[in-house]
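Here is how the chains run, residue by residue.
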Amino acid sequence: MRRFTRHELANLLGALAVVATLAVLAFGLPALDRAMPAERAVRDDRPYAVGAGVTVVPPPGATVDVTGTRPGDDHGTALFRIGPVRYAISVQPFDGTLTAAATRLRARITGTPGYQVTGTQLAIATASGISGLQGGYTAPGRGGRYAVFVADGRTIEVTVSGTELDLGLRLPMIDTSTRTLSYQAVS
């Protein structure tokens, strides 16, 4: 039987360490990720940073879904869940009018098979004075509401969806939250 030199043993141990590290990265981290809940509690008594200088006070009982939340300096998305209702806020650069932003959001909604915009758009404003437009939409087995605002070269889009019963119970809280949207220029 052949004997290994110290150099060969050191190389073998190094190779095994690399394989073990790769195994942890390939199998351990995804398992840990799956074990962590996607929804995290969020305070409803202070503004939550959506991104790009936009904040909102979440509704009572809301959780933030970290799988759909991405804050940033130029863009941002926050995905809240209030029971089975989905409340999403997205901010991104935009060089256009409020009407153009609303048209773009409505086109994106109706571009999804089975989704229809319903009723007329209504004017809306946040407590901080950002003007916007809001409307409703339907989807198979679901209903929804959208709102869009334009502030300082950014569009802030709000979409809410859930079953009619769930929406009816939670829309007043979500409307109150949407009115807390605020924008402050990022320097």
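One can find the structure itself at the top, above this paragraph.
Residues numbered from 1 in each chain as written. Predicted model: local features only at pLDDT ≥ 70, side-chain atom pairs only at ≥ 80, totals over all residues. Heavy atoms only, no water.

(A) Molecular detail of the pattern of salt bridges. What the rule picks out here adds up to six salt bridges. When the shortest N-O distance is used, the salt bridge between Glu157 and Arg104 registers 3.5 Å. Placement of Glu157 in strand 11 (residues 154-162) and of Arg104 in helix 2 (residues 98-110) is noted, with a sequence separation of 53 residues between them. Here Glu157 falls in the buried class, since its relative accessible area comes to 4%. Across the pair Arg170 and Asp166 runs a salt bridge, and its minimum N-O distance is 3.5 Å. Taken as a pair, Arg170 and Asp166 lie in helix 3 (residues 164-178) at a separation of four residues, close to a single helical turn. The two residues Arg170 and Asp166 agree in class, both being buried. Residues joined in a network through salt bridges with shared partners are Arg104, Arg108 and Glu157. (Salt bridge = Lys/Arg side-chain N within 4 Å of Asp/Glu carboxyl O. Helix = DSSP H or I, 4+ residues; strand = E, 2+ residues; numbered from the N terminus. Buried < 20%, exposed > 50% of the residue type's maximum accessible area, 1.4 Å probe, protein only.)

(B) Inspection of a nonpolar patch on the surface at higher detail. A surface patch of nonpolar side chains, about 520 Å² in accessible area, is lined by Phe4, Leu9, Leu12, Leu13 and Leu16. Looking at where Leu9 falls in the secondary structure, it is placed in helix 1 (residues 6-35). For Leu9, a relative accessible area of 40% puts it in the partly exposed group. (Patch = residues over 30% accessible without salt bridge, like charges linked within 9 Å, V, L, I, M, F, W, Y side chains within 5 Å. Areas by Shrake-Rupley, 256 points an atom, 1.4 Å probe, with all protein chains shown as cover.)

(C) Region of interest: the packing of aromatic side chains. One pass over the full model with this rule turns up three aromatic pairs. Considering the side-chain rings of Tyr48 and Phe80, the 5.4 Å spacing of their centres and the 75° angle between planes classify their relative orientation as edge-to-face. Of this pair, Tyr48 sits in strand 2 (residues 48-51) while Phe80 sits in strand 6 (residues 76-82), and the two are 32 residues apart along the sequence. For Phe80, a relative accessible area of 0% corresponds to the buried category. (Phe/Tyr/Trp six-rings, centres within 6.5 Å; stacked < 30°, edge-to-face > 60°.)

So yeah, pure geometry; function would need other evidence.
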